[in-house]
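Notes for the structure review
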Amino acid sequence: TMTATPNPVSISSLTQQGLVTFTASAGGLGGAAGIQSYAWDFGDGRSAFTTGSSTNTRYTAPGTYTASVTVRTTSGTTGYAQLIIRVNP
């Protein structure tokens with residue numbers, strides 16, 4: 001599964017400034033000890049690759065984006081999740 005906080009996010013809010021934190025939970029893939037990598041796609045043309053289960057990005061334009069993550073285990077198993085991010089002005 002994948003979560004995004006906050007969602008929706010505001011780019012004009014002084015406290016949010018378009019910043020979203022993503023977290024992936026890979027239940028059924030062998031637990032956190034067996035996770036090798038997380039490939040994130042933020043839906044706005046940018047992506048990231050991490051070994052940790054969370055990352056963040058800053059959206060700069062209002063709109064609706066489909067963000068996703070692909071989790072790969074040390075044994076080669078993969079899992080996939082996506083969600084819609086709403087970015088308000």
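As shown above, the structure is provided for reference.
Residues numbered from 1 in each chain as written. Predicted model: local features only at pLDDT ≥ 70, side-chain atom pairs only at ≥ 80, totals over all residues. Heavy atoms only, no water.

Structurally, Ser68 is set in strand β7 (residues 63–73). Separated by 44 residues in the primary sequence, Ser68 and Ala24 have C-alpha atoms spaced 9.6 Å apart. If we skip the residues at most four places from it in the chain, Ser68 touches Met2, Ala39, Trp40, Asp41, Tyr80, Ala81 and Gln82. (Helix = DSSP H or I, 4+ residues; strand = E, 2+ residues; numbered from the N terminus. Contact = heavy atoms within 4.5 Å.)

Another point: the pairing of strand β1 (residues 2–5). Looking along a regular strand, one sees side chains alternate from face to face of the sheet. Only one face of β1 is buried: it carries Met2 and Ala4, and the other face, with Thr3 and Thr5, is open. Pairing between β1 and strand β3 (residues 19–24): four bridges, direction antiparallel. Looking across to β3, one finds that Met2 is bridged to Ala24. (Buried < 20%, exposed > 50% of the residue type's maximum accessible area, 1.4 Å probe, protein only. Pairing = 2+ DSSP bridges.)

Within the element layout of this structure, Ser10 appears in strand β2 (residues 9–10). Exposure remark for Ser10: the relative accessible area of 14% places this residue in the buried category. Only 3.2 Å separates the side chain of Ser10 from the backbone nitrogen of Ser13, close enough to count as a polar contact. Each residue touching Ser10, except ones within four places of it in the same chain, is listed here: Gln16, Gln17, Gly18, Asn88 and Pro89. (Polar contact = N/O pair within 3.5 Å; in protein donor to acceptor, adjacent residues only side chain to side chain.)

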